[in-house]
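The chain contents come next:
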Amino acid sequence: MSLDRIVMAFAGFMVLLSLALTVWVSPYFVWLTVFVGVNQIQAAFTGFCPAASAFKRLGVKPGAAF
């Protein structure tokens, strides 16, 4: 699996996790959803993604976008 797909899967997982935590733990977890969304927007404009950097350090093969 390429880095691009892993980053998209990780972002999707984080959104679903934050929504579940918002429903079952605390409504303040909605801010995690906001953080993930803002991070995706800034990555689209700047090309820099902290999650992609972390996965690169873990040895994931690079993709087209990151």
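For the structure itself, look to the data block above.
Since we're looking at a predicted model, the values are computed, not measured.

> Looking at this structure, I do not really get the overall build of the protein chain. What am I missing?
Of the regular secondary structure elements, the protein chain holds three helices and zero strands. Ordered by position in the sequence, the α and β elements of the protein chain form the string α-α-α. Principal axes of the C-alpha set define a box for the protein chain whose edges measure 35 × 25 × 15 Å. When contacts within the protein chain are restricted to residue pairs at least 6 apart in sequence, those whose partners lie at least 24 apart make up 59%. When the accessible surface of the protein chain is split by element, carbon and sulfur atoms take 75% of a total near 4800 Å².

> Can you help me understand the side chain of Thr33 in this one?
One can find Thr33 in helix H2 (residues 30-46). When neighbours within four sequence positions are excluded, Thr33 is seen to be in contact with Val15, Ser18 and Leu19.

> Help me understand the packing of helix H1 (residues 3-24) against helix H3 (residues 50-57), please; the structure alone is not making it clear to me.
Packed helices, taken two at a time, are described by the angle their axes make and the gap between the axes. One can describe the packing of H1 onto H3 by two numbers: an axis separation of 10 Å at closest approach and a directional angle of 125 degrees. Between H1 and H3, the angle falls in the class oblique. Handedness of the crossing formed by H1 with H3: right-handed. Here Leu3, Ile6, Val7 and Phe10 of H1 come into contact with H3, specifically with Ala51, Ala52, Phe55 and Lys56. The residue makeup of the contact of H1 with H3, split by class, is seven nonpolar, no polar and one charged.

> For this particular structure, what's the right way to read H1?
Side chains of residues three or four places apart in an α-helix project in the same direction, reflecting 3.6 residues per turn. With 22 residues, H1 ought to run about 32 Å at 1.5 Å a step, and its terminal C-alpha atoms sit 31 Å apart, in line with that. Where H1 is concerned, the buried positions are Leu3, Asp4, Ile6, Val7, Ala11, Met14, Ser18 and Thr22. Looking straight down H1, one finds its buried side chains confined to an arc of 160 degrees; they lie on one side. Along H1, exposed side chains directed more than 90 degrees from the buried face belong to Arg5, Met8, Phe13, Leu16, Val23 and Trp24. Residues of H1 that are buried sit in contact with H2 and H3.

> How do you make sense of the packing of aromatic side chains when you look at a structure like this?
In this description, an aromatic ring pair is defined by two values, namely the gap between the centres and the angle between the planes. For the structure shown, the criterion picks out one aromatic pair. With centroids separated by 5.6 Å and ring planes inclined at 85 degrees, the aromatic side chains of Phe10 and Phe55 adopt a geometry described as edge-to-face. Taken together, the positions of Phe10 in helix H1 and Phe55 in helix H3 put the pair 45 residues apart, joining distant regions of the chain. The class of Phe10 is partly exposed, set by a relative accessible area of 36%.

Calculation notes
Residues numbered from 1 in each chain as written. Predicted model: local features only at pLDDT ≥ 70, side-chain atom pairs only at ≥ 80, totals over all residues. Heavy atoms only, no water. Helix = DSSP H or I, 4+ residues; strand = E, 2+ residues; numbered from the N terminus. Contact = heavy atoms within 4.5 Å. Areas by Shrake-Rupley, 256 points an atom, 1.4 Å probe, with all protein chains shown as cover. Axes fitted to C-alpha atoms, helices over the stretch in contact; angles between N-to-C directions. Parallel < 35°, antiparallel > 145°, perpendicular 65-115°, else oblique. Left-handed = near helix turned anticlockwise from the far one by under 90°. Nonpolar A, V, L, I, M, F, W, Y, C, P; charged D, E, K, R; others polar. Expected span 1.5 Å × (residues − 1). Buried < 20%, exposed > 50% of the residue type's maximum accessible area, 1.4 Å probe, protein only. Arc of directions from axis to C-beta. Phe/Tyr/Trp six-rings, centres within 6.5 Å; stacked < 30°, edge-to-face > 60°.

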